[in-house]
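# Notes for the structure review
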Amino acid sequence: MDISNQVVGLIRFSFATIGNFYPGFDTIEAMESFLFDPGRLERRFAYFEAFCLPSLAMQTDQDFICILLVGANMPRAWKDRLRDVTRAVPCIRIVEAEPQHHYSGIKTAIMAVPDDGFTHRTTFRFDDDDALDNGFVARLKDLAPRVAAIGGAGNPAAIAHNLGFYLERREDKTVIYPTCERTPISVGAALIAPTSYRENVYSVDHRQLPQYFNAYSDTQHHAYVRTIHQDNKANPHRTGLKLQLPNKEIDAILRDRFGRKLGQFKHFEAG
């Protein structure tokens, strides 16, 4: 079977949910008060504009779609700001969603994208405070059909990008170091499937993708920068190795794959 592959990413940007995705809130109003707090949104925009947005804008292959799933009740000024900062990045589509179950909102947004005659769709996940390397989409387009073909093109197949960098904001400094995860990290995790398949990469926890799908782990390409800071929803933790590389080598990788030098990452300030 010949595979023609459409690539669709999805980023959640302060999307309010019902159920237990954001535990600890008695009402939707309480959750939205937290999500739309001006101080929090200023920090989210700082990370988004420093990491996520440039990595989308600098993709060597721009023929893909990336959905920003935004809470419909986000105050208008913030939605206008989001449209302003993303206007020059053609892959981005802002989709507003009313509060609902987490996966329901994601699935609806992705299923609304026309398949445009493609046989397969590769969905990938990504957070608004992280970065993907500039060759991510081009590499995913090359890799995903080959991974799907191994287990039969009619079956879904998962792809993890385990090699990358963690950037940690600490009280006295920012550190960035290479790591290779043992299980799929959220940043760039992907699922290729026939366009008739109604689920997507968010259908299971990213760490559990190999439990449900044939899976391939890329440990050769530095594919991501994951940021660790006060506003992480989960308690981030590595499942694999913290690698040792001299700063000179880290700097060379960041310049080559992310278009910025080490100092630009380390001196980032979120306010």
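Above this text sits the structure in question.
Residues numbered from 1 in each chain as written. Predicted model: local features only at pLDDT ≥ 70, side-chain atom pairs only at ≥ 80, totals over all residues. Heavy atoms only, no water.

Evaluated as defined, the whole model comprises ten aromatic pairs. The interplanar angle of 35° and the centroid separation of 5.9 Å between the aromatic rings of Phe51 and Phe265 together place this pair among those described as tilted. Of this pair, Phe51 sits in helix α2 (residues 38-57) while Phe265 sits in helix α8 (residues 262-266), placing them 214 residues apart in sequence. Residue Phe51 is classed as buried on the basis of its relative accessible area of 1%. Ring pairs connect the aromatic residues Tyr47, Phe51, Phe165, Phe258 and Phe265, which therefore count as one cluster. Directly above the ring of Phe34 sits Arg40, whose terminal nitrogen or CZ lies 5.2 Å from the centroid. (Phe/Tyr/Trp six-rings, centres within 6.5 Å; stacked < 30°, edge-to-face > 60°. Helix = DSSP H or I, 4+ residues; strand = E, 2+ residues; numbered from the N terminus. Buried < 20%, exposed > 50% of the residue type's maximum accessible area, 1.4 Å probe, protein only. Lys NZ or Arg CZ within 6 Å of the ring centre and 35° of its normal.)

This part covers helix α4 (residues 102-111). Two residues of an α-helix separated by three or four positions point the same way, owing to the 3.6 residues in each turn. Looking at α4, one finds that the buried residues are His102, Gly105, Ile106, Ala109 and Ile110. The buried residues of α4 all sit within an arc of 125° when viewed along its axis, so they share a single face. (Arc of directions from axis to C-beta.)

Turning our eyes to something else, we now look at the pattern of salt bridges. Summed over all chains, the structure comprises 17 salt bridges. When the shortest N-O distance is used, the salt bridge between Asp61 and Lys141 registers 3.1 Å. Taken together, the positions of Asp61 in the loop between α2 and β3 (65-71) and Lys141 in helix α5 (residues 136-151) put the pair 80 residues apart, joining distant regions of the chain. The salt bridge involving Lys107 is made with Glu199; its shortest N-O contact spans 3.1 Å. Within this pair, whereas Lys107 is found in helix α4, its partner Glu199 is found in the loop between β11 (190-194) and α6 (209-212), the two being separated by 92 residues in sequence. Judged by its relative accessible area of 22%, Lys107 is partly exposed. Within this structure, Asp133, Arg139, Asp218 and Arg257 form a network of salt bridges that share partners. (Salt bridge = Lys/Arg side-chain N within 4 Å of Asp/Glu carboxyl O.)

Working note: non-glycine residues mostly have negative phi, and peptide bonds are mostly trans. The backbone phi angle of Ser14 is positive, close to 55°, even though this residue is not glycine. Relative accessible area serves as the criterion here: at 4%, Ser14 is assigned to the buried category. In this model, Asp116 sits at a positive phi of 50°, which is unusual for a non-glycine residue.

Within strand β9 (residues 163-169), six of the seven residues are buried, which leaves it mostly tucked inside the rest of the structure. With seven bridges joining them, β9 and strand β10 (residues 174-180) adopt antiparallel strand pairing. Bridging across to β10, Gly164 finds its partner in Thr179. Once β9 ends, the chain turns through four residues before running back antiparallel as β10. Of the pairings in the sheet, the one linking β9 to strand β13 (residues 224-228) comprises four bridges and is parallel in character. From the neighbouring strand, Leu167 faces β13, where its bridge partner is Thr227. (Pairing = 2+ DSSP bridges.)

In this section: the environment of Ala148. Within the secondary structure, Ala148 is located in helix α5. Classification of Ala148 by relative accessible area gives buried; the value is 1%. Sequence separation between Ala148 and Asn214 is 66 residues; the distance between their C-alpha atoms is 8.4 Å.

A cluster of like positive charges, contributed by Lys173, Arg238, Lys242 and Lys266, occupies part of the molecular surface. Structurally, Lys242 is set in strand β14 (residues 241-242). Relative accessible area serves as the criterion here: at 39%, Lys242 is assigned to the partly exposed category. (Patch = residues over 30% accessible without salt bridge, like charges linked within 9 Å, V, L, I, M, F, W, Y side chains within 5 Å. Areas by Shrake-Rupley, 256 points an atom, 1.4 Å probe, with all protein chains shown as cover. Lys, Arg positive; Asp, Glu negative; His and termini not counted. Charge placed at Lys NZ, Arg CZ, Asp CG, Glu CD.)

Before going further, it helps to examine the sheet that holds β13. The strand order across the open sheet formed by five strands is β7-β13-β9-β10-β14, and the pairing between neighbours is mixed. Two strands in the sheet have a free side with no partner beyond their single neighbour: β7 (131-132) and β14. As defined by bridge partners, β10 adjoins β14 across two bridges and the pair is classed as antiparallel. Paired with Cys180 across the strands is Leu241, a residue of β14. Along the sheet, helix α7 (residues 247-258) makes contact with β7, β9, β10 and β13, crossing β9 at roughly 110°. (Contact = heavy atoms within 4.5 Å. Axes fitted to C-alpha atoms, helices over the stretch in contact; angles between N-to-C directions.)

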